[in-house]
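Now for the letters of each chain:
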Protein chains: 2
Amino acid sequence: MTEGAVQPRRTRQRSAIASLISATDSFQSAQEIHHLLRSTGEVIGLSTVYRTLQSLAEAGEIDVVINADGESVYRGCGQGRGLHYHLVCRICGHAVEVAADTIDRWVRSIAREHRFSDAVASLTVFGICRACASAT
Amino acid sequence: MTEGAVQPRRTRQRSAIASLISATDSFQSAQEIHHLLRSTGEVIGLSTVYRTLQSLAEAGEIDVVINADGESVYRGCGQGRGLHYHLVCRICGHAVEVAADTIDRWVRSIAREHRFSDAVASLTVFGICRACASAT
DNA sequence: AGACTAATGGGAATGGTTATCATTAGCGTG
DNA sequence: CACGCTAATGATAACCATTCCCATTAGTCT
Ligand SMILES: [Mn+2]
Ligand SMILES: [Mn+2]
Ligand SMILES: [Zn+2]
Ligand SMILES: [Zn+2]
């Protein structure tokens, strides 16, 4: 059996991205993250940001959501808390994680009912958070 | 009070799109629809297809879903059946509509719990339909 | 028929994301 | 500590769905 997945090399760039992402609870786009890193003096290419975010996402270490504009936005995942969905502020990107079980039961039941297999829900709830709502 | 929304002019192109869309129950992209129309002899521009689909979607006459590749795909909506979500085959685009009430209750409750206002769920269930599953 | 203007459509522009590929730099080995 | 292998980087070009632009066409109303 081929023992999978050699862990990625630890590079300055990858660390910078990981640390920035663990320091915020908002969903941010690759370009936003690139700008933020640049503005703090990090030297890093845009390609690297895209690649690394994807790699982290595939590894399950961060979450991806596609916002209303069709952009992918990324956020550090509440570690090892299993499957969950997100409630995201459409103004500032602030997000909270919500348990998946209610939804997953519902998904399984309607998939069975219509004889679909392999059903996976793509679900994100967008709203306006307390802070943004009070900021008129 | 300004009485809104003059209805759109009835053009050959708009009719062609509406009729094609009412003849299938699969979600299709603007480009696919454009090709299909072209292949049946219709003379129609890609811009027009995009514009018309958006206009029909805003009018609530068709539904839009953003698929896994981030493309918008369109489908004739089961008329006047109110808010609903979709269970879509990720192979062929075949879709069925599913009632929204269970989900909407859940959305309202978690939004209240986290003090988010204006919460709207973006939800689509992707799976594999009976036909595609049996086609090995 | 004539006027008004919404609708059309070819082509250029946009913009997020991916592909290329020469260069750099982890990291295991002797 | 060199050395070698190759993953990772990043500047740049390509990609590609969608939108913009604007001159031309054609519904619709009088
Ligand atoms: Mn998460
Ligand atoms: Mn529908
Ligand atoms: Zn907010
Ligand atoms: Zn199918």
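It should be noted that the structure appears before, not after, this text.
Residues numbered from 1 in each chain as written. Chains lettered and ligands numbered in written order. Predicted model: local features only at pLDDT ≥ 70, side-chain atom pairs only at ≥ 80, totals over all residues. Heavy atoms only, no water.

Engineer: It is not clear to me how the coordination of the zinc ion (ligand 4) should be interpreted in this structure. Could you clarify?
Structural biologist: Six octahedral donors around a metal ideally sit at 90 or 180 degrees from one another, while four tetrahedral donors ideally sit at 109.5 degrees. Residues and elements named next belong to chain B. The coordination sphere of the zinc ion (ligand 4), as far as protein atoms go, consists of Cys-89 (SG), Cys-92 (SG), Cys-129 (SG) and Cys-132 (SG), spread over 2.3 to 2.4 Å. One way to put it: the four donor atoms around the zinc ion (ligand 4) meet at angles of 106 to 114°, and that makes the site tetrahedral. The exposure class assigned to Cys-92 is partly exposed, which follows from its relative accessible area of 37%. (Donors = N, O, S within 2.8 Å, 3.2 Å for Na, K, Ca; no water. Tetrahedral: all angles 85-135°; square planar, octahedral: opposite > 155°, others 65-115°. Buried < 20%, exposed > 50% of the residue type's maximum accessible area, 1.4 Å probe, protein only.)

Engineer: In this structure, what is going on with the protein's contact with DNA strand D? I would like to understand it.
Structural biologist: The environment of DNA strand D is made up of 20 residues, and the closest members are Thr-11, Gly-45 and Thr-48 of chain A together with Tyr-50 and Gln-54 of chain B. When atoms of DNA strand D within 4 Å of the protein are sorted by moiety, sugar and phosphate together comprise 65%. At 3.0 Å from a base nitrogen of DNA strand D is found a side-chain nitrogen or oxygen belonging to Arg-51 of chain A. Residue Ser-47 of chain B places a side-chain N or O atom 3.3 Å away from a base nitrogen belonging to DNA strand D. Looking at the surface near DNA strand D element by element, the count peaks at four residues for helix H3 (residues 46-58) of chain A. A breakdown of the residues in the surface near DNA strand D according to their chemical character gives four nonpolar, ten polar and six charged. (Near = heavy atom within 4 Å. Polar contact = N/O pair within 3.5 Å; in protein donor to acceptor, adjacent residues only side chain to side chain. Helix = DSSP H or I, 4+ residues; strand = E, 2+ residues; numbered from the N terminus. Nonpolar A, V, L, I, M, F, W, Y, C, P; charged D, E, K, R; others polar.)

Engineer: Please clarify how the interface of chain A and chain B should be interpreted in this entry.
Structural biologist: Many authors give the size of an interface as the accessible area that is lost as the parts come together. Each partner contributes residues to the interface: chain A has 32 residues there, and chain B has 32 residues. Taken together, the two surfaces of chain A and chain B that pack against each other cover about 2800 Å², and 70% of this comes from carbon and sulfur. Among the residues chain A hides against chain B, the three largest losses belong to Leu-87, Trp-106 and Phe-116 of chain A. Together they make up 24% of the total. Viewed at the interface, chain B and chain A are joined by two salt bridges. Residues Asp-118 of chain B and Arg-90 of chain A are paired through a salt bridge, measuring 3.7 Å at the closest nitrogen-oxygen approach. Linking chain A with chain B are ten residue pairs in polar contact (both at pLDDT 80 or more), by the criterion used here. Those elements that place two or more of their residues in the side of chain A that touches chain B are strand E4 (84-89), strand E5 (95-99), helix H4 (101-113), strand E6 (117-128) and helix H5 (130-134) of chain A. (Contact = heavy atoms within 4.5 Å. Buried area = accessible area lost by both parts, 1.4 Å probe. Salt bridge = Lys/Arg side-chain N within 4 Å of Asp/Glu carboxyl O.)

Engineer: Before we go on, may I ask you to explain the coordination of the manganese ion (ligand 2) in this structure?
Structural biologist: Residues and elements named next belong to chain B. With distances of 1.7 to 2.3 Å, the protein atoms coordinating the manganese ion (ligand 2) are Asp-63 (OD), His-84 (NE2), His-86 (NE2) and Glu-97 (OE). We note that the donor set of the manganese ion (ligand 2) lies within a single chain, spaced as D-x20-H-x1-H-x10-E. With a gap of 13 residues between them, His-84 in strand E4 (residues 84-89) and Glu-97 in strand E5 (residues 95-99) connect regions that are remote in the sequence. Across the pair, Glu-97 and His-84 agree in class, each one buried.

Engineer: I tried to follow the protein's contact with DNA strand C on my own but got confused; where do I start?
Structural biologist: Contacts to DNA strand C come from 21 residues, most closely from Tyr-50 and Gln-54 of chain A together with Arg-9, Thr-11 and Thr-48 of chain B. Backbone atoms, meaning sugar plus phosphate, form 63% of the atoms of DNA strand C positioned within 4 Å of the protein. Arg-9 of chain A places a side-chain nitrogen or oxygen 3.1 Å from a base nitrogen of DNA strand C. Contacts to DNA strand C include Ser-47 of chain B, whose side-chain N or O atom sits 3.0 Å from a base oxygen.

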